[in-house]
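A closer look at the structure
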Amino acid sequence: MTAPIGRVVATELKPSTPHQFHFWTARESPVGIGAIVRVEAPARTVFGIVTDGFAYSDLLTPIHDVIGADGDPALAGFAPTERAQIRLYTAAVLRQLPEEPLQPVPLGAVHLASDSDVVTALRMDAFLTTAAPTGIPSGVYAAGGLEAPIYLDADFLLGPEAAHLNITGVSGLATKTSAVEFLLSSIFQTFPAQKGSVAAVCFNVKGPDLCFLDQPAELSEEDRRLYARLGLRAEPFGDVTYYAPYKADGVNLNTLRSHEALAANTVPLVWGLREVLDYAEVLLNKDDVDAKADAFIGFLGERVVGREFRDITLSDQPLEVKSFADLEDFFRRIFDFMEVQAKSSEVWRNHHIATIRKVRNRLGNISVRAKGLVTDDGQASDLPWGKFADRSVHVIDVAGIDPLAQDLVFARAVSKLKEHLERRDLGVDHVVVFVDELNKYAPADGQDTYVRRMLLELSERGRYLGLVLFSAQQFRSQVLRRVVGNAGTALFGRMDMDEISSPGYATLSPATKAKLAALPKGELMVRHPHFTQPLFVRFPRPAMLAGRVGVERFPPAVDLPFPQAVARQLRALDPAVTAPKVEALIDGRREEDVRKALHATRRTRPDNVLAFFTAQLGKRVEREVAPARGVTGLKKTSDPYG
Amino acid sequence: MSTRASGWTRLRRAVAAQGFTPATWIPAASEGRAEEATIRPARLVEDLRIGGHPVGAPEPWPGTVAFLDGTQRYEVMAYAGASPVVVAEIAAAVLERRDRQMHVAEVARRRLVIARPEVLGDLEDAIEGHGAIEIPEDEPPHPVKDFQLARREVDAARGRLEVEIGHRYRSASNAWMIVDGALSESPQWARDEKMLGVAKSHATLPFGGGDLEHYLRLPAGMRSPVFEPAGNEVAPVFSWALRLWPWQGLNLLHGLIRVEAAATLETLARADQLSRWLLAERAPVSTPDPRWDRLLYGIRAVEEYLRASGE
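Residues numbered from 1 in each chain as written. Chains lettered and ligands numbered in written order. Predicted model: local features only at pLDDT ≥ 70, side-chain atom pairs only at ≥ 80, totals over all residues. Heavy atoms only, no water.

Some words on the overall build of chain A
Going by this rule: A run of DSSP states H or I qualifies as a helix once it reaches four residues; a run of E qualifies as a strand once it reaches two. Both are numbered from the N-terminal end. Only protein chains enter the area calculation, which uses a 1.4 Å probe; residues under 20% of their type maximum are buried, those over 50% are exposed, and those in between are partly exposed. Should any heavy atoms of two residues lie within 4.5 Å, those residues are counted as being in contact. The protein chains shown are the only cover counted for residues, whose accessible areas, like all others here, come from Shrake-Rupley with a 1.4 Å probe. The charge count treats Lys and Arg as positive and Asp and Glu as negative. His and the chain ends do not count. Every charge is mapped to an atom, namely NZ of Lys, CZ of Arg, CG of Asp or CD of Glu.
Of the regular secondary structure elements, chain A holds 22 helices and 22 strands. Judged by the C-alpha coordinates and their principal axes, chain A covers about 110 × 65 × 55 Å. Within chain A, the proportion of its 642 residues that are buried is 52%. Long-range pairs, those at least 24 residues apart, make up 74% of the contacts in chain A with a sequence separation of at least 6. Total accessible area on chain A is roughly 28,900 Å²; 52% of this is exposed by carbon and sulfur atoms. Side chains of chain A carry 75 positive and 80 negative charges; the gap between the two charge centres is 3 Å.

Re the overall build of chain B
Note the cut-off: Only C-alpha atoms enter the radius of gyration; for comparison, a globular chain is expected to reach 2.2 Å times N to the power 0.38, where N is the number of residues.
If you tally the helices and strands in chain B, you get seven helices and 15 strands. Against the compact-globule benchmark of 19 Å for 311 residues, chain B has a radius of gyration of 21 Å, which places it among compact chains. Counting over 311 residues, chain B shows a buried share of 52%. Taking all contacts inside chain B whose residues are at least 6 apart in sequence as the whole, residues at least 24 apart take part in 66%. Approximately 13,700 Å² of chain B is accessible, and the part contributed by carbon and sulfur atoms is 51%. Between the averaged position of the 37 positive side-chain charges in chain B and that of its 43 negative side-chain charges there is a distance of 5 Å.

Regarding the interface of chain A and chain B
Put simply, the test is: By convention, the term buried area covers the 1.4 Å-probe accessible surface removed from two parts as they join, with the contributions of both added. Nitrogen and oxygen atoms within 3.5 Å of one another constitute a polar contact, given that in protein one can donate a hydrogen and the other can accept it, and given that sequence-neighbouring residues count only through two side-chain atoms. Note on residue classes: Ala, Val, Leu, Ile, Met, Phe, Trp, Tyr, Cys and Pro are nonpolar, Asp, Glu, Lys and Arg are charged, and everything else, Gly too, is polar.
Across the contact, 16 residues belong to chain A and 16 residues belong to chain B. Of the roughly 1,500 Å² buried between chain A and chain B, counting both surfaces, carbon and sulfur atoms make up 51%. Among the residues of chain A in contact with chain B, Pro80(A), Thr81(A) and Glu82(A) are the three that bury the most area, contributing 39% of the side total. Our count for the contact surface shared by chain A and chain B stands at 12 residue pairs in polar contact (both at pLDDT 80 or more). Among the elements that line the side of chain A that touches chain B, the one with the most residues is helix H1 (residues 62-68) of chain A, at three residues. Per-class residue counts for the side of chain A that touches chain B are seven nonpolar, four polar and five charged.

Notes on the side chain of Ser83(B)
Residues and elements named next belong to chain B. Inspection of the secondary structure assignment puts Ser 83 in strand E6 (residues 83-98). In this structure Ser 83 comes out as buried when scored by relative accessible area, which is 1%. In contact with Ser 83, not counting residues within four places along its chain, are Ala 78, Arg 116, Ile 135, Pro 141 and Asp 146.

Points about the pairing of strand E7 (residues 135-143) of chain A
All names here are of chain A. Keep this limit in mind: A pair of strands is considered paired only if DSSP assigns at least 2 bridges between the two.
Of all nine residues in E7, eight are buried, a share of seventy percent or more. With eight bridges connecting them, E7 and strand E8 (residues 146-153) associate as antiparallel partners. Considered in E8, the bridge of Ile 136 is made with Leu 152. Two successive antiparallel strands, E7 and E8, enclose a turn made up of two residues, where Gly 144 displays a positive phi of approximately 55 degrees.

Examining the packing of helix H21 (residues 591-604) of chain A against helix H22 (residues 609-617) of chain A
All names here are of chain A. Put simply, the test is: Comment: axis = line fitted to C-alpha atoms, over the contacting stretch for helices; angle = value between 0 and 180 degrees taken between N-to-C directions. Each angle receives one of four descriptions, namely roughly parallel if under 35 degrees, roughly antiparallel if over 145, roughly perpendicular if within 65 to 115, and oblique otherwise. Definitions for this section: a left-handed crossing has its near helix turned counterclockwise from the far helix by less than a right angle. A right-handed crossing has that turn clockwise.
It is at 8 Å that the axes of H21 and H22 come closest, and there the two elements cross at 140 degrees. Our classification of the angle between H21 and H22 gives oblique. Handedness of the crossing formed by H21 with H22: right-handed. Between H21 and H22, the contacting residues are Asp 593, Val 594, Ala 597, Leu 598, Ala 600, Thr 601 and Thr 604 on the first element and Val 609, Phe 612, Phe 613, Gln 616 and Leu 617 on the second. Tallied by class, residues from the contact of H21 with H22 come to eight nonpolar, three polar and one charged.

Digging into the packing of aromatic side chains
So the rule is basically this: Between rings of Phe, Tyr and Trp, where Trp is taken as its six-membered ring, a pair exists when centres lie within 6.5 Å; planes separated by under 30 degrees are stacked, by over 60 edge-to-face, and by other angles tilted. A positively charged side chain is recorded as over a ring if its NZ (Lys) or CZ (Arg) lies within 6 Å of the ring centre. The angle to the ring normal must also be within 35 degrees.
Evaluated as defined, the whole model comprises 27 aromatic pairs over all chains. Aromatic side chains Phe296(A) and Phe331(A) sit 6.1 Å apart centroid to centroid with 45 degrees between the ring planes, which places their arrangement in the tilted category. In this pair, Phe296(A) sits in helix H9 (residues 291-304) while Phe331(A) sits in helix H10 (residues 324-341), placing the two residues 35 residues apart along the sequence. Phe331(A) carries the same exposure label as Phe296(A), and that label is buried. Members of the aromatic cluster, each reached through a chain of ring pairs, are Phe296(A), Phe299(A), Phe309(A), Phe330(A), Phe331(A), Phe335(A) and Trp348(A). A cation sits over an aromatic face here: Arg412(A) above Trp271(A), 4.5 Å from the ring centre. The ring of Trp245(B) carries the charged tip of Arg282(B) above its face, separated from the ring centre by 4.7 Å.

Overview of the sheet that holds strand E5 (residues 85-97) of chain A
The pairing of strands in a sheet comes from backbone hydrogen bonds and takes either a parallel or an antiparallel form. Residue and element names in this part refer to chain A. Here we have six strands rolled up into a closed barrel, ordered E1-E2-E5-E4-E3-E6, and antiparallel in their pairing. Direction aside, the axes of adjacent strands within the sheet are offset by 40 degrees on average. The pairing of strand E2 (residues 20-25) with E5 spans six bridges and is classified as antiparallel. Counted as the bridge partner of Trp 24 is Leu 88 from E5.

Describing the side chain of Ser381(A)
Residues and elements named next belong to chain A. Topologically, Ser 381 is positioned in the loop between helix H11 (353-369) and strand E17 (393-397). Taking the relative accessible area as the measure of exposure, Ser 381 reaches 18% and is therefore buried. In terms of polar contacts, Ser 381 uses its side chain to reach the backbone carbonyl oxygen of Pro 268, at 2.7 Å. The residues touching Ser 381, leaving out its near neighbours within four places in the chain, are Pro 268, Leu 269, Val 270 and Trp 271.

Topic: the nonpolar core
Residues and elements named next belong to chain A. Rules: The nonpolar core is taken to be a set of buried Ala, Val, Leu, Ile, Met, Phe, Trp, Tyr and Cys residues, with the residues joined through side-chain atoms within 4.5 Å. For the domain bounds, the source is a domain assignment made automatically or taken from a database.
Ranked by size, the top nonpolar core spans 79 residues in total, and within it Phe 203, Leu 300, Phe 330, Trp 348 and Ile 396 carry the most contacts. Top contributing element to this core by residue count: helix H12 (residues 403-423), with 10 residues. Split by domain, the residues of this core number at least three in each of domain 2 (148-269 + 381-449 + 458-469 + 487-550) and domain 3 (274-369). In terms of nonpolar packing, the next biggest core, distinct from the first, is built from 77 residues, Val 93, Val 110, Leu 184 and Leu 524 among them.

Things to note about a negative patch on the surface
The condition that has to hold: Like-charged residues are merged into a patch within 9 Å and nonpolar side chains (Val, Leu, Ile, Met, Phe, Trp, Tyr) within 5 Å, provided each residue has over 30% relative accessible area and no salt bridge. Here, a salt bridge means any Lys or Arg side-chain nitrogen found within 4 Å of an Asp or Glu carboxyl oxygen.
Taken together, the side chains of Glu118(B), Asp122(B), Glu134(B), Glu137(B), Asp138(B) and Glu139(B) define an acidic patch exposed on the protein surface. Within the secondary structure layout, Asp122(B) lies in helix H2 (residues 117-122).

Things to note about the packing of H12(A) against helix H14 (residues 450-465) of chain A
Residues and elements named next belong to chain A. Relative to each other, H12 and H14 sit at 25 degrees, their axes nearing to 11 Å. The angle between the axes of H12 and H14 places the two elements in the roughly parallel class. Considering only the axes of H12 and H14, their crossing is left-handed. Across from Asp 407, Phe 410, Ala 411, Val 414, Ser 415, Lys 418, Leu 421 and Glu 422 in H12, the residues of H14 making contact are Tyr 450, Val 451, Met 454, Leu 455, Glu 457, Leu 458 and Leu 465.

Examining the environment of Pro208(A)
All names here are of chain A. For Pro 208, the position within the fold is in the loop between strand E10 (198-204) and helix H7 (221-230). Taking the C-alpha atoms as reference points, Pro 208 and Gly 550, separated by 342 residues in sequence, lie 7.7 Å from one another. Setting aside its immediate chain neighbours within four residues, Pro 208 contacts Leu 256, Gly 547, Arg 548 and Val 551.

Description of the pairing of E2(A)
When strand E1 (residues 6-9) of chain A meets E2(A), the two strands line up antiparallel, connected through four bridges. Residue pairing across strands places Gly6(A) opposite Thr25(A), the latter belonging to E2(A).

Overview of helix H5 (residues 209-216) of chain B
Residues and elements named next belong to chain B. Counted only if it meets this: Working note: the arc is built from the helix axis to C-beta atom directions.
Every buried residue of H5 is listed here: Leu 212, Tyr 215 and Leu 216. Each buried residue of H5 lies within a common arc of 85 degrees when the element is viewed along its axis, so the set occupies one face. Tucked into the core, H5 has its buried residues touching strand E2 (38-39), strand E11 (204-205), strand E13 (227-228), strand E14 (237-243) and strand E15 (256-262).

As structure tokens, then:
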């Protein structure tokens with residue numbers, strides 16, 4: 001047993017209670033805020049965590065110090081004797097043994113917690129020492145020269161008991177992203193076999209944050225030591241696929257991960273009309289959502305899009321609506337009919353023209369605002385629904401696209417995950433969805449959006465499906481309370497004082513708040529269902545390249561002119577493809593046709609890339625040169641107003 | 001004197017069980033004064049007349065310094081007829097100052113029962129583990145007189161305990177030691193050239209008349225000439241008064257201490273130096289103790305330690 005470092009004291013003014021006690025230590029004691037201590041008393045052991053500290057001397061009033069120093073502050077430090085001082089700490093009870101009857105903390109010797117004490121104090125024994133342990137290393141607790149691994153319970157992190165994780169912290173320190181990357185890596189390495197398989201879907205919402213999860217980072221010796229202490233391998237994720245929409249040109253990817261060396265696992269995210277229409281509700285604001293719009297969208301989905309639609313009022317021939325261009329043509333025919341043939345009517349097939357116009361505007365809007373995401377050829381390039389591999393990471397890069405398109409991507413991806421997990425045909429049993437900037441998607445204030453409702457649904461019921469939300473934001477207080485409240489595990493990095501002053505942090509002691517406000521990078525405060533008090537832990541730097549470093553090492557490729565961009569896309573499939581060959585092939589072709597051929601080639605990934613691409617391009621239609629009409633040019637004059 | 005009696009409850013019950021009348025205290029002011037105010041003329045050994053010696057700016061004491069003090073608490077716990085049975089706890093400690101920090105170097109505690117001899121005999125079983133001290137029985141029992149006698153015995157026992165641990169410390173250390181009170185408690189102390197006694201009490205004064213007035217009106221930072229107090233024939237010492245704090249506007253005794261040191265030429269030569277060291281001990285001030293103007297912080301630290309660590 002270690003030597004005591006303090007002694008519990010209790011007075012009438014500062015009594016011990018079943019949840020709190022006070023103890024004094026020597027001045028040089030290594031105890032600090034967040035340290036875990038053990039109180040030994042006859043027939044009772046109490047574990048506590050230091051939440052506040054006080055120091056004072058036997059000086060009754062400051063004036064006596066002035067008198068003793070003859071009013072000269074410089075002399076005050078030369079008093080031959082230092083005043084008697086006390087270091088008095090307040091600790092919150094983590095656990096008492098025996099647990100019943102629950103009694104005030106007895107007077108007793110105070111010891112710094114050992115590794116095994118930390119396990120007991122944080123009730124980690126409940127999930128570490130069972131026949132099927134479910135501990136996920138989350139960092140180390142360090143105090144007084146002791147360092148103990150801290151585990152989170154997988155049953156409470158990824159369900160079914162509790163689930164979800166939320167992390168709060170100021171921007172710019174990269175702590176939030178680093179913590180999630182490290183924790184995901186830890187989950188992938190230690191997720192208990194009996195709990196099945198797990199994958200992650202991460203939304204990269206800003207800059208290059210999550211763009212290099214498959215690239216190794218340079219780690220310090222200290223980081224490697226921490227990994228070893230936690231029993232983890234310091235390595236990047238092995239199976240990562242990046243999905244990014246195209247830019248408006250339809251051939252250059254809209255991502256900062258566009259370096260050619262990383263092209264092999266960076267694939268386009270392209271959706272057709274069908275994919276968009278299924279989630280059209282995302283595009284509608286609250287005022288738009290009404291039974292009429294719903295009905296018309298339902299009509300489009302069930303009767304029109306992807307089917308042969310016959311309506312003599314619109315066309316003699318069956319209409320085929322596969323793309324946004326087809327849809328626009330469809331709407332144009334309706335409006336033409338209404339304007340020309342049905343002058344007195346404002347209703348087409350029981351749908352009011354205003355409703356039709358509204359739906360047309362919203363759908364048309366997305367095709368414009370997310371031009372690189374939606375395709376006119378009707379063929380989607382999507383996540384591998386139903387074929388998710390165990391321990392695979394899927395990063396959807398929406399950092400560069402319009403907010404409306406971000407909402408659409410987010411809503412569809414999560415909804416698809418939910419659908420597949422409900423049917424148990426996703427390919428994995430659990431999926432962690434990581435969303436940064438949660439205050440943007442699920443704000444406490446503001447209008448109720450589809451995405452916000454979906455996040456709420458995910459946070460409240462996702463754990464039963466194995467769908468787990470890992471979320472992050474700068475200001476927890478600005479996120480919908482029910483969403484963060486449902487997160488069984490909460491991490492807190494360095495916090496802004498304004499944020500800490502908000503009511504949500506009222507239960508933290510002033511000292512804990514002060515520590516939070518100055519928390520160094522790589523340290524977090526953890527709340528977890530097994531821990532009765534928040535705990536400070538240190539975690540190593542993630543073993544994968546940070547976004548900022550990644551873009552320096554793998555600078556984004558410059559946007560290329562259309563022919564070269566197509567060549568680059570094909571070269572990702574077959575390095576033998578050269579730009580001149582591709583340029584010669586597509587010279588004189590319509591860009592839409594080239595894009596269709598390119599997308600088809602990417603989807604198929606044929607053995608002979610160039611041959612397949614050429615076949616998809618089809619026969620070349622020679623360009624017709626219109627004969628000159630013989631319009632006489634204007635006479636040149638030196639007078640511009642002439 | 002403390003009224004804390006929790007530690008004595010068992011003893012009190014045992015004594016009551018022997019048929020003695022339970023009691024807790026004597027009425028305030030009924031015990032008289034332990035020390036009568038008087039003037040005992042001293043012999044000047046430095047100057048021919050009383051005058052102030054400026055000692056110079058305070059200087060920190062070099063090296064390790066020890067502080068010795070003792071405490072006592074006592075109360076009447078029973079009456080055997082009219083005579084009180086007094087129980088006492090005495091304690092003494094030496095705290096050593098190293099690198100501006102106080103550390104306990106020596107400590108001793110005793111528990112005593114003071115009563116008339118026949119009473120102690122009757123109580124033999126009940127007071128097991130306590131030291132027994134008899135008070136003289138040449139006069140018939142008197143509750144106040146006997147209590148005063150008992151209190152003197154407690155004072156004396158405490159003094160002996162201080163001497164005991166003082167010797168113990170000095171046998172193991174050559175550091176300076178400052179004692180609360182007079183060095184004349186022990187001839188050995190009186191000869192020790194690295195011990196100082198610091199008396200806060202001025203009930204017995206060394207001069208009378210105009211000399212006394214000069215003595216009591218020493219300005220701050222000045223000392224009196226060195227003199228040899230009367231009545232210390234067994235353990236002669238040299239002494240001088242030192243004003244630690246300005247007294248003007250307060251009272252004549254404010255900040256006035258009397259220093260005792262070995263009666264040697266070395267002491268005469270070092271009186272200013274020793275005074276400068278003592279002046280530096282004004283800080284930190286010993287507030288909130290009401291004697292803060294004369295109580296050195298090191299001595300107060302010993303008292304606080306004994307008080308806090310006692311039963």
